[in-house]
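In case you want the letters, here they are:
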Amino acid sequence: MTEHTFEAHSNSNIPANQSNKTSISDKPAVRNSSKKSIFVKFGELQKEIIDDSYYNFNNFEFTNDRKKSLGSGAFGDVYLAKNKIDNKYFAIKIMEKEKIIESGASLDVIYREISIHRRINHENIVKLYSHHEEEKFFYLVMEYVNGGSLFSYIKRNKGVDEKKAFKFFIQACSAVNFLHENNLVHRDLKPENLLIDDKENLKLCDFGWCVDITSGNRVTFCGTYEYMAPEIVKEVPYDLGIDVWSLGILLYELTHGYSPFRAQNDNFDDYNEIFKNIIKYKFKIEKELSKGCIDIISSN
Ligand SMILES: Nc1ncnc2c1ncn2[C@@H]1O[C@H](COP(=O)(O)OP(=O)(O)O)[C@@H](O)[C@H]1O
Ligand SMILES: [Mg+2]
């Protein structure tokens, strides 16, 4: 069985290169393998040193002219790159600091994303191996997932049959359950943030909104309109339950090909109509589905 781990945020468990880090808003330390090699003996630490030099940012080269990205994000795009040591492919998310600041966000949001994502190890979650920071950019070096997003898959197939929908749904639940067991709420679950690998397994990505909820419920208005839970729409404090709500939306979209509370005429900007539908819990099951499937969708 695959081992799932989340590195606890105590100094004894976090990698030596990050050992001064005590909270998620702190800036993660830049890797420094030369300094650490002084203390290297054998075993585990040695492995980490090898990894350190492997993930040195100079080892990576982008495989195209950066015009063709794997996907677009809020603060930049994700590109295919390869490690020159063994020609292995990686996905590198590049985020522009200026764009982040222009949006009104703080760079701490990115430090939080890196800090949380780096510690997660689960088969249905994209692995973040390393990061690199420059004056103008952040680079997040991730496992490359080569089958595109679940969003494109659903649109291409106009929804999937119930059997396949459940396979994807269960894998998404497994990823979310793992986050929740570690007191993390993702806050932006949607098909665009679920990627498909070469064996048609799902991997959750995008930890931009993910936070630790140990210290109490959250109030930040965030996520994506059609996937927002009523608590967020009503701007009242919320907990891990908002992700569970989004999973219900996901099962609906998987089986229908579109989401339940969408605005008419696909007017994506009409969030007023979407919010009204969410609060009134106004949606219709429009496909032939089993009672079990309908019960799960409707059990929010
Ligand atoms: N590891 C990856 N492998 C392949 N494609 C990826 C990977 N990570 C992200 N992408 C693509 O890039 C898009 C944007 O990345 P994401 O992390 O969601 O950025 P943002 O936080 O700005 O939404 C995703 O929707 C997906 O299509
Ligand atoms: Mg995203």
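Quantities reported herein were computed from a predicted structural model and do not represent experimental measurements. (Residues numbered from 1 in each chain as written. Chains lettered and ligands numbered in written order. Predicted model: local features only at pLDDT ≥ 70, side-chain atom pairs only at ≥ 80, totals over all residues.)

Enquirer: For this particular structure, what's the right way to read the pairing of strand E4 (residues 77-83)?
Expert: Side-chain direction in a regular strand flips from residue to residue, so the side chains alternate between the two faces of the sheet. In terms of strand pairing, strand E2 (residues 60-62) meets E4 through 3 bridges, oriented antiparallel. Within E4, the residue paired with Phe62 across the bridge is Ala81. Taken together, the 2 bridges between strand E3 (residues 71-72) and E4 define a ladder with antiparallel strand orientation. Each bridged residue has a counterpart across the sheet, and for Gly71 the counterpart in E4 is Val78. In this antiparallel pair of consecutive strands, E3 and E4, the connection spans 4 residues, and Gly76 shows a positive phi of 160 degrees. When E4 meets strand E5 (residues 88-96), the two strands line up antiparallel, connected through 6 bridges. Counterpart to Asn83 in the pairing with E5 is Lys88. Once E4 ends, the chain turns through 4 residues before running back antiparallel as E5, passing Asn87 with a positive phi of about 60 degrees. (Pairing = 2+ DSSP bridges. Helix = DSSP H or I, 4+ residues; strand = E, 2+ residues; numbered from the N terminus.)

Enquirer: Help me understand the site of ligand 1, please; the structure alone is not making it clear to me.
Expert: Neighbouring residues of ligand 1: 21 residues in total, closest Gly71, Gly73, Val78, Ala91 and Asp206. Those elements giving two or more residues to the shell around ligand 1 turn out to be E3, E5 and strand E8 (137-143). For the shell around ligand 1, the per-class residue count stands at 11 nonpolar, 6 polar and 4 charged. Among the domains, domain 1 (4-38 + 147-298) and domain 2 (44-143) are the pair contributing at least three residues each to the shell around ligand 1. (Near = placed C-beta within 6 Å. Nonpolar A, V, L, I, M, F, W, Y, C, P; charged D, E, K, R; others polar. Domains from an automatic or database assignment.)

Enquirer: Got a minute to help me understand helix H6 (residues 162-181) in this structure?
Expert: Helical geometry: 3.6 residues make up each α-helical turn, so side chains three or four residues apart lie on a common side. Compared with an ideal rise of 1.5 Å per residue, which puts 20 residues at 28 Å, H6 spans 27 Å between its outermost C-alpha atoms and is within 8% of the ideal. Taken residue by residue, H6 has Ala165, Phe168, Phe169, Gln171, Ala172, Ala175, Val176, Phe178 and Leu179 as its buried positions. Looking at the residues trailing H6, positive phi occurs at Asn183, about 60 degrees. (Expected span 1.5 Å × (residues − 1). Buried ≥ 20, exposed ≤ 12 C-beta atoms within 10 Å, placed from the backbone.)

Enquirer: Help me understand the environment of Ser299 in this model?
Expert: Secondary-structure assignment places Ser299 in the segment after helix H10 (291-298). When the C-alpha atoms of Ser299 and Gly248 are compared, they prove to be 8.0 Å apart, with 51 residues separating the residues in sequence.

Enquirer: Hey, could you run me through helix H8 (residues 241-256) in this one?
Expert: Here H8 spans 23 Å end to end across 16 residues, near enough to the 22 Å set by a 1.5 Å rise per residue. Positive phi shows up at Gly257, right after H8, with a value of about 95 degrees.

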